[in-house]
There are 2 protein chains.
Amino acid sequence: MVKVKFTSYNKEIDVLEGENLLEAIRKAGVFIDTPCNGSGSCGKCKVKITAGNVISEDSRHITEKEKKEGYVLACQCEVKEDISVEIPGTASSSMHGMKIEDFSSKREYEIFERAKNQILKCGMEFKTYVRKDYLELDLPNLNDNISDFERLKRHIKNHLNCNNVFCRLPILRKIPQLLREADFKVTITHIPRGVGKTTIIDIEKGDTTDKIYGVAVDIGTTSVAACLVDLYNGELIAKASSGNAQIKYGADVINRIMYSTKGNGLQELNHAVIQETINPLLNKMYMDSGIRKEQVVSFVTAGNTTMSHLFLGLYSNFLRMEPYIPAFVKTPFIKASELNIEVNPETFIYLIPCVASYVGGDITAGVLSSGMWNTEDNILFIDLGTNGEIVFGNKEYLMTCACSAGPAFEGGEISCGMRASGGAIEKVKIGSDYEPIISVIGNEKPLGICGSGIIDLICSMMFAGIIDRKGKIVKNLKTNRIRFDENGIGEYILVFKEQYDLDRDVSITDVDIDNFIRAKAAIYSGITTLLNNLGMDFTMIDKIYIAGGIGNSLNIGNAVKIGMLPDIDQDKINYIGNSSLMGCYLTLMSEDARHKLEEIANHMTYVELSVDPLYMDQFVSACFLPHTDIEKFPTVKKLLEKSL
Amino acid sequence: MVKVKFTSYNKEIDVLEGENLLEAIRKAGVFIDTPCNGSGSCGKCKVKITAGNVISEDSRHITEKEKKEGYVLACQCEVKEDISVEIPGTASSSMHGMKIEDFSSKREYEIFERAKNQILKCGMEFKTYVRKDYLELDLPNLNDNISDFERLKRHIKNHLNCNNVFCRLPILRKIPQLLREADFKVTITHIPRGVGKTTIIDIEKGDTTDKIYGVAVDIGTTSVAACLVDLYNGELIAKASSGNAQIKYGADVINRIMYSTKGNGLQELNHAVIQETINPLLNKMYMDSGIRKEQVVSFVTAGNTTMSHLFLGLYSNFLRMEPYIPAFVKTPFIKASELNIEVNPETFIYLIPCVASYVGGDITAGVLSSGMWNTEDNILFIDLGTNGEIVFGNKEYLMTCACSAGPAFEGGEISCGMRASGGAIEKVKIGSDYEPIISVIGNEKPLGICGSGIIDLICSMMFAGIIDRKGKIVKNLKTNRIRFDENGIGEYILVFKEQYDLDRDVSITDVDIDNFIRAKAAIYSGITTLLNNLGMDFTMIDKIYIAGGIGNSLNIGNAVKIGMLPDIDQDKINYIGNSSLMGCYLTLMSEDARHKLEEIANHMTYVELSVDPLYMDQFVSACFLPHTDIEKFPTVKKLLEKSL
């Protein structure tokens, strides 16, 4: 065995002498972009050996100079002795968000606990869909010589009260030898359905009833988050997130759909989300926890309708063409092995039902975990991910719509934007000297700005007088942080590259600000139009829940100040984190929650904004900071007057 | 295109210039033994080019002399012009029975019609398990924008009265584009289950309700027979049979089971029966009929319990070890794609339920098609395939047992034995001059002897005085057809090789006769023991049905004369052909028959002969021609006395 040290990650692993370096990197759970999957042709896995030597093949991707400095293609190397490896930012794709993040922040734990309690408060039982039972079968003899499967069924009938026991061929194939190796004492993993019916999805030797695990995955257009759950006690064992590898095929759902219609596009997108995103996250969690993939027997996932289609490898072009018809909203029965997902191959894949072409299972899951379906208060639920979806209602009714906000909240279409992961500037304040104070996720080098950071930045720029109310950067201010290009496009530099030895400055431009303003206007006008449809206004909102990938550090006050959220009492507004992932977790843990979820999806009423003439008017008025009609934002008006 | 002519088969096909000759042979539906699957390493596909030229690679399997004569390895040849090909007996494995036979004989049609009428007589409906329905869906619009799958389900609910509609991922993936290409007019293939439930297994454009096909396959240890059925009208479209390619791993079930426990043995046996036997038969029938495999949506198969296990790739070693426990008797739900069977991949594979370790689904199917479950008469059903199984009973009760008869009835363990296919001697008469008169299946060159031929032969030898009542060949008879080896083992030559330009004489030896006597004794003693268990005797038998691979030309009288069947009125004894295949056909065509089948399997009582002390006594007494106690065969006694 030899040691491989990852200096930039503070990690070290032992591998067999002769191991391929790319394999070693993958085993260490360090993300590295490998579009060619290790064939040596793409050159993306370029790394630097800073100590020790490797046996490596020459490559056209490595210049003579780089070779001298120790650069190699990881996929073309054999590790022969202890080495240290430095993985450059370009290989690990930090900017593209493909670095896998651990579960860490206290805030995330709080959000998780709150969602969990929400369900208990609603009187739902934590009883999982998948069960384990330990059985001690009678031993066969000449007088009791029924078949192994019949013997198993007889025992289940007598002890678990199930008359109809099903299993698939791979399980049947395990039975004869396993029963005898286990002296006919086995644990079955099964899924009871209806009265007296169950399907066996695994069989193991001895009593393993306390080893039962599930996985919840939120598939966002930009980010994918997963958690590994102990189904025996509901505990969160591991969590991991990364960018969605589909991002290389387009930042938003429309671009992805268009790519999916070309050549092998659909297969490539399906491969990107499953093989390049979900499976690496799963393997990371298995490595962290020591749990084997065969032990994972429940899988719940949610995504917007396009993500749901691409996850299943379904043709999705009709989603973007009037009359916007999804292929499905509720998924049929699917086994993990059909999608090559790295859990127990017999695991049922539960994809949370969608509502319509632009309101997906992530929203259904979010509504579940928010608890809004169980209150008398009027709740406004806003998911700020790529695009933005809104739900308004309570236990009596649920109305929903989608706003075409684009990917700006997760850093998309913003020149230095990135998703809310390590290295993202998540908070910004600008003083009267135009100098910023920033806060970076993970206390790492600032690499870009995430959604919450952009809100802070635009808000601060507005109050510092750096931008006007149209979002344009003001000329002739006394600071070296502002510059204009030959076309007069302004740019405000948040971080100079020299300060942190970066490849480029971290900045925001007039174009970025305009993109972001359009995104926030889409949300605001969506809310207005939806309430208007119900004959209601902002005064009737009892609470606002903000969910989604915009980041844990969302400053609600600032979001109101830029006119993204209505100017109501800010105590009524809460950030509830990744509510889709929480909904998946609850669905994993509670059969009651699963039923509730299906009810929610069935009962949500979808409003198509694109055909509502009011929406466009509202949108145009909202493309201003905070709004063309400042009277709609009395608090902000006062503050602006004060700051003058 | 160029022409390839198969002189020995009177066949001709057109192929593309440059086609591989082995591929051409396979396309023509000519069986050729290719253990190495065309890699050129085994040398088994040696053929002779008798006209035209090919481009061929040299091979160590072809001598210089052979090369000059035109011999090549088919797998190493490219066809460049019109050629004629002669396939030698060794390559086409006629002796091993791997030649695919067509559906031809009038007798087989009669048997088929009788089985079919049997069912109608019992008041069962010819209504298939799999259905097709043509649907004209409402077109989607902005006001009716439910998903494609929901639209399909809504239509089915309204028009077919099914509230629960299921489908698997591959079908869901077809839906969006197909619906639009078909202008929302489609035919679904589906399987209704229970009340208001159905599973869609295919969806096609337009109205294809009259194009629905199924396949029935009888998997024998020695022979496999299949038929392609038009499910719309019940017509038999094609039939094909061949040897079971597993034969290379052993002639009987015990040898196969033992092979299956070694290394990859189980996978090889599974591959042999599916890839090397069933799929070639299916492709042959598709070629003959012009039906595409995607159109075949129902598949019913039966085999003895070992064949059933190996068909599913199930560990079967416990079948042969006390207390003889099968892994299953009733199969769970299996899709064709799971077993790589070349029908529509979503087709459900229905394997007819077995009864016990040595009474399989072939017997359940046989009992169904015999109609014995519906009569008041006491019926004795005997399946003479490899081994021999017996069922006795009527509508009130069904008792069954297995006799370890071995493969002799299908030509196994007989030096010139072969299965009842083209080239097999099926009838024999011997005159007082010791000269035989033979009849060969298909009027081909005699290559070997099948079961019915061996019965005739032994019977004739006994009455001609060539063998004594122990089955030993008598010395010093005046004929050149008898010879003895250095150990005194006698041999009777039925066909001299010179007469038909064969590789060797077709003959029978003392050892062969002894093997066959043991086989017939196993059947006779099985019948005696089973009846004895019920406190009954031969006088209570109202009818005997003989089924199985012994051959259509079975001479019932001769079978009685050698003591295989009890000496009762021969009008009561009927040969009913391949009752297992007939049972599979009926199960394909009638849901009622399928239910009846499950009832039969559940209600049959299995008697384990190996633990019955009477059986061994009976067996020893029956190892004689016709029996040690000649009084049990009064008719034969009279005939023997007359012939002296």
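These numbers were taken from a predicted model, which means no experiment stands behind them.

For chain A, the helix and strand inventory stands at 19 helices and 29 strands. In summary, chain A has a C-alpha radius of gyration of 27 Å against a globular reference of 26 Å for 644 residues, a match within 12%. Its C-alpha atoms give chain A principal-axis dimensions of about 100 × 70 × 45 Å. For chain A, the proportion of its 644 residues judged to be buried stands at 61%. The contacts of chain A with a sequence gap of at least 6 include a subset with a gap of at least 24, amounting to 67%. Carbon and sulfur atoms make up 46% of the accessible area of chain A, which amounts to about 25,200 Å² in all.

Here we take up the sheet that holds strand E24 (residues 482–484) of chain A. Residues and elements named next belong to chain A. The antiparallel open sheet is built from 3 strands, whose spatial order is E24-E25-E26. On the outer flanks of this sheet lie E24 and strand E26 (506–509), each paired with one strand and no other. Between one strand and the next, the sheet's axes are offset by a mean angle of 30 degrees, whatever the strand orientation. Across 4 bridges, the pairing between strand E25 (residues 490–495) and E26 is antiparallel. Bridge pairing in E26 places Tyr-492 opposite Ile-508. Of the strands in this sheet, E25 and E26 touch helix H12 (residues 451–463), which is tilted by about 60 degrees from E26. Together, E25 and E26 form the strand contacts of helix H14 (residues 510–533), whose direction differs from that of E26 by roughly 65 degrees.

What follows covers the side chain of B:Thr199. Its location among the elements puts B:Thr199 in strand E12 (residues 197–205). Of the polar contacts made by the side chain of B:Thr199, one reaches the side chain of B:Arg193; its length is 3.1 Å.

This next bit is on helix H4 (residues 106–121) of chain B. Residue and element names in this part refer to chain B. Between its first and last C-alpha atoms H4 spans 22 Å; for 16 residues at 1.5 Å apiece the expected length is 22 Å, and the two agree. Turning to H4, its buried residues number three or more, namely Ile-111, Phe-112, Ala-115, Lys-116, Gln-118 and Ile-119. An end-on view of H4 places all buried positions within 150 degrees of arc, on one side of the element. What points out from H4, more than 90 degrees from its buried face, is the exposed set Lys-106 and Lys-121. Immediately downstream of H4, the backbone of Gly-123 shows phi near 75 degrees, a positive value.

Here we come to the packing of helix H11 (residues 361–370) of chain B against helix H16 (residues 579–589) of chain B. All names here are of chain B. Their axes nearest at 7 Å, the elements H11 and H16 cross at an angle of 75 degrees. By the angle class used here, H11 and H16 are roughly perpendicular. Only Ser-579, Ser-580, Met-582, Gly-583, Cys-584, Leu-586 and Thr-587 of H16 make contact with H11, whose side of the interface consists of Asp-362, Ala-365, Gly-366, Leu-368 and Ser-369.

Another aspect to go through is the interface of chain B and chain A. With 41 residues of chain B at the contact, the number on the chain A side is 41 residues. A buried area of about 3,700 Å², summed over both sides, lies between chain B and chain A, and 65% of it is on carbon and sulfur atoms. Here chain B is connected to chain A by 2 salt bridges. With a closest N to O distance of 2.6 Å, B:Arg168 and A:Glu338 form a salt bridge. Among the elements of the structure, helix H5 (148–160), helix H6 (169–181) and helix H10 (336–339) of chain B are those that each provide at least two residues to the side of chain B that touches chain A. Here the side of chain B that touches chain A is built from residues that sort into 25 nonpolar, 5 polar and 11 charged.

Below, the discussion takes up a negative patch on the surface. Judged by side-chain charge, A:Glu376, A:Asp377, A:Glu396 and A:Asp542 come together as a negatively charged surface patch. By the secondary structure assignment, A:Glu376 is in the loop between helix H11 (361–370) and strand E18 (379–383).

Here chain A is described as being made up of domain 1 (2–92), domain 2 (103–124 + 213–345), domain 3 (131–205), domain 4 (361–407 + 516–643) and domain 5 (416–507). One C-alpha centre belongs to domain 3 of chain A, the other to domain 5 of chain A, and the line joining them spans 63 Å.

Attention shifts here to the confidence of the model for chain A. The predicted model of chain A averages 91 in pLDDT, with 95% of residues at 70 or higher. Within the model, the stretch residues 91–96 of chain A combines pLDDT values under 50 with 21 contacts to residues more than four positions away or in other chains.

Our next topic: the relation of the copies chain B and chain A. The pair of chain copies shares a relation made of a rotation about an axis and a shift along it. Superposition record for chain B on chain A: RMSD 0.2 Å, screw rotation 180 degrees, translation along axis 0.2 Å. In short, the pair behaves as if placed about a two-fold rotation axis. In terms of proximity to the rotation axis, the leading residue of chain B is B:Glu338, whose C-alpha is 5.5 Å off the axis. Comparing interface residues between copies, 100% of those in chain B also sit at the interface in chain A, which points to an isologous, same-surface contact.

What follows is about the pattern of salt bridges. Residues and elements named next belong to chain A. Going through the model one piece at a time under the given rule, you end up with 54 salt bridges over all chains. The closest approach of N and O atoms between Arg-481 and Glu-435, which form a salt bridge, is 2.9 Å. Of this pair, Arg-481 sits in the loop between H12 and E24 while Glu-435 sits in the loop between strand E21 (424–430) and strand E22 (436–440), and the two are 46 residues apart along the sequence. With relative accessibility at 7%, the residue Arg-481 sits in the buried group.

What follows deals with the packing of H11(A) against helix H17 (residues 591–603) of chain A. Residues and elements named next belong to chain A. Running from N to C, H11 and H17 cross one another at 120 degrees; their axes reach a closest spacing of 9 Å. Taken together, the axes of H11 and H17 are oblique relative to one another. The handedness of the crossing between H11 and H17 comes out as right-handed. Touching Thr-364, Ala-365, Val-367 and Leu-368 of H11 are Ala-593, Lys-596, Leu-597, Ile-600 and Ala-601, all from H17. Of the residues assigned to the contact of H11 with H17, the class counts are 7 nonpolar, 1 polar and 1 charged.

Moving on, we come to a positive patch on the surface. Residues and elements named next belong to chain A. On the surface, a cluster of positive charge is made up of Arg-107, Arg-114, Lys-427 and Lys-429. Secondary structure elements with two or more residues in the positive patch: helix H4 (106–121) and E21. Inspection of the secondary structure puts Lys-429 in strand E21.

All names here are of chain B. Taken together, the buried positions of helix H7 (residues 253–260) are occupied by Val-253, Arg-256, Ile-257 and Ser-260. With its buried residues spanning 100 degrees around the axis, H7 presents them on a single face. On its buried face, H7 sits against helix H8 (265–289) and helix H9 (305–312).

Turning next to the nonpolar core. Ranked by internal contacts, the top residues of the largest apolar core, which has 186 residues, are A:Phe311 and B:Leu152. Residues contacting B:Leu152, with those up to four places away along its chain left out, are B:Leu135, B:Leu137, B:Ile175, B:Val186, B:Ile188, B:Ile200 and B:Ile203. Grouped together as the second largest cluster of nonpolar side chains are 185 residues, B:Cys122, B:Met462, B:Ala519 and B:Ala521 included.

Cut-off values and rules
Residues numbered from 1 in each chain as written. Chains lettered and ligands numbered in written order. Predicted model: local features only at pLDDT ≥ 70, side-chain atom pairs only at ≥ 80, totals over all residues. Heavy atoms only, no water. Helix = DSSP H or I, 4+ residues; strand = E, 2+ residues; numbered from the N terminus. Rg over C-alpha atoms; globule rule 2.2 N^0.38 Å. Buried < 20%, exposed > 50% of the residue type's maximum accessible area, 1.4 Å probe, protein only. Contact = heavy atoms within 4.5 Å. Areas by Shrake-Rupley, 256 points an atom, 1.4 Å probe, with all protein chains shown as cover. Pairing = 2+ DSSP bridges. Axes fitted to C-alpha atoms, helices over the stretch in contact; angles between N-to-C directions. Polar contact = N/O pair within 3.5 Å; in protein donor to acceptor, adjacent residues only side chain to side chain. Expected span 1.5 Å × (residues − 1). Arc of directions from axis to C-beta. Parallel < 35°, antiparallel > 145°, perpendicular 65-115°, else oblique. Buried area = accessible area lost by both parts, 1.4 Å probe. Salt bridge = Lys/Arg side-chain N within 4 Å of Asp/Glu carboxyl O. Nonpolar A, V, L, I, M, F, W, Y, C, P; charged D, E, K, R; others polar. Patch = residues over 30% accessible without salt bridge, like charges linked within 9 Å, V, L, I, M, F, W, Y side chains within 5 Å. Lys, Arg positive; Asp, Glu negative; His and termini not counted. Charge placed at Lys NZ, Arg CZ, Asp CG, Glu CD. Domains from an automatic or database assignment. pLDDT = per-residue confidence, 0-100. Least-squares fit on C-alpha atoms with pLDDT ≥ 70 in both. Left-handed = near helix turned anticlockwise from the far one by under 90°. Core = buried A, V, L, I, M, F, W, Y, C linked by side-chain atoms within 4.5 Å.

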